[in-house]
Amino acid sequence: MDTAIGSVPASSDGAAQAASGSAPRDATLGRHLARRLAEVGARDVFTVPGDFNLTLLDELEAEEGVRLVGCCNELNAAYAADGYARARGGGVGACAVTFTVGGLSAINGVAGAFSENLPVVCIVGGPNSNDYGSNRILHHTIGLPDFTQELRCFQTVTCYQAVVNNLEDAHEQIDTAISTAIKESKPVYISISCNLPSIPHPTFSRHPVPFFLSPRLSNHMNLEAAVEAAVAFLNKAVKPVLVGGPKMRVSKACKAFVELADACGYPVAAMPSAKGLVPEHHSRFIGTYWGAVSTPFCAEIVESADAYLFAGPIFNDYSSVGYSLLIKKEKAIIVQPERVVIGHGPAFGCVLMKDFLHALATRLKKNTAAYENFRRIYVPPGEPLASEPGEPLRVNILFKHIQAMLSGNTAVIAETGDSWFNCQKLKLPEGCGYEFQMQYGSIGWAVGATLGYAQAAKDKRVIACIGDGSFQVTAQEVSTMLRWEQNTIIFLINNGGYTIEVEIHDGPYNVIKNWNYTGLVEAFHNGEGKCYTAKVRTEEELKEALKAALGPKKDCLCFIEVIVHKDDTSRELLEWGSRVSAANSRPPNPQ
């Protein structure tokens, strides 16, 4: 059975013109691309102009339903497309940049989207179609008459690449690229020659036929066998547990995971990179499983279990705390997007995660033993020590107040660094969004991602927690947030350097030049748009800033610089940093 991705009402006039061989004036390559992007939900395209993409931008902007969001640089545009895709539940995000100097700037953000399974369409305005094969040397290149450098770079971080330098197969190349991005949930690269976007062609009918994608299906026999083996494995366990992982998103399996959790009675934990995918309001949610830096009492329950099911895990050095997790393969069922492995074997391929979890939910015996153990040992977290009047603000006090701000109408964006660990401790209410980039961990990602997320999620107020070191990488995109009248709240946590790097390996390179961050944002504001800034050093000042941000300034972009001591780091970061440092410092294996 085919699945429609979206549709646009047919136009008899447009169809008649296309059938007759003449092309209507708006049946151009650029307008076709714009209609395809709108059809799959990428209605905001994050752009940076350059001489190779200007005509393309004209055509994109001319199409009703598509808006161009001009960014300050290409890296931020790619980060914004990443954030936009996340806000749409893994939907399509898009950026449009110029040839090579733009594309190679954006590629870092595209690589991050690839690592997190996000369908980002990176569109590049390429050389004039007449220049291909001409042996000419063009500007914006490395000085060789070979125009494939950018393409070769993108081949390893995208699942499909289209170089459109003629009109005859442009329709097919664009449609294949976008449909592949959706099917694979990975970025794609589309290069379009700069002289083609505005030319009408009969293949670009006014209303293109909607995408129809054949859905992936489980092999029924493999699914039955996998469920049978998993039921036997789990039903004989005394205290099994469930752990959700980040690949549940790309598998569209979050609902099936909750269905299984409801049915089986097991305690439910989330890997750190799956925070926001596992509902924390679930009655048997026990926290984040992150080895030695897990939520209190969570690791004890997971690691003492005699069986655990991990749905969509990624076990890298970060998520495994330097490969120090105390779990055993023979006790684990590992469910990947299309594969189930039980213990050391057997393995079952062609089994979709959501189908497997759904079928398993109907077959397992209810077993609450592990959750009852959790309730016996659990001690509710205490409140941070109260601040004395005028006492310098502590990070735990800051996050106590951030916790109180959260609701189903908010979303949290956590930047790489100490914010990872402090935001992990937040208890997410039902409907509260949460995003961070754990696999790729590119500092500065959160600024651009916040722009993109807020542009897509108009129903939520975004709360971004960003360290000063990360902010310095991509700070200028706050000006784009102001331009688009976003009401995000940014907490700039100023502790004087790269704290996460300090805990892994310290050195003078981790100290950065301090900026007047609130002054910088006020300069970005420049009297245009709605902006509120505050610099806070005590809890009293923080309360005043939050009172404004949640009250009279609730329609403004609110930038709150929080001054904290450079050594005010979480226990979890200290432990994590020492273990990752040890893993990084392992001597070479003997030859």
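As a reminder, the structure under discussion sits directly above these lines.
Below is a summary of the structure that appears in this document. Owing to the predicted nature of the structure, the values given are computational and were not obtained by experimental measurement.

**Things to note about unusual backbone geometry**
Working step 1: Along the chain, Gly-345 connects to Pro-346 via a cis peptide bond; the corresponding omega equals 10°.
Working step 2: Within the secondary structure, Pro-346 is located in the loop between β14 (339-342) and β15 (347-349).
Working step 3: Of note, the phi angle at Phe-297 is positive, near 80°, even though the residue is not glycine.
Working step 4: Mapping Phe-297 onto the fold places it in the loop between β11 (285-288) and α10 (298-303).

**Brief notes about the pairing of strand β13 (residues 332-336)**
Working step 1: Across four bridges, strand β12 (residues 308-311) lies against β13 in parallel orientation. Among the inter-strand pairings, Phe-310 is bridged to a residue of β13, identified as Ile-334.
Working step 2: Where β13 lies against β14, four bridges are found, and the strand directions are antiparallel. By the bridge assignment, Ile-333 is partnered in β14 with Ile-342.
Working step 3: The turn linking β13 back onto β14 is made up of two residues.

**A closer look at the sheet that holds strand β7 (residues 188-193)**
Working step 1: Across the sheet, which stays open at both edges, the six strands sit in the order β3-β2-β4-β5-β7-β6 with parallel pairing between neighbours. One side of each edge strand has no neighbouring strand; the edge strands of this open sheet are β3 (67-70) and β6 (161-164). Geometrically, the sheet is characterised by an average inter-axis angle of 20° between neighbouring strands, direction not taken into account.
Working step 2: In the sheet, strand β4 (residues 93-98) pairs with strand β5 (residues 120-126) via six bridges, with the strands oriented parallel. Bridge pairing links Thr-98 to Gly-125 in β5.
Working step 3: Of the strands in this sheet, β2 (44-47) and β3 are in contact with helix α15 (residues 445-456), which crosses β2 at around 160°.

Calculation notes
- Residues numbered from 1 in each chain as written.
- Predicted model: local features only at pLDDT ≥ 70, side-chain atom pairs only at ≥ 80, totals over all residues.
- Heavy atoms only, no water.
- Helix = DSSP H or I, 4+ residues; strand = E, 2+ residues; numbered from the N terminus.
- Pairing = 2+ DSSP bridges.
- Axes fitted to C-alpha atoms, helices over the stretch in contact; angles between N-to-C directions.
- Contact = heavy atoms within 4.5 Å.

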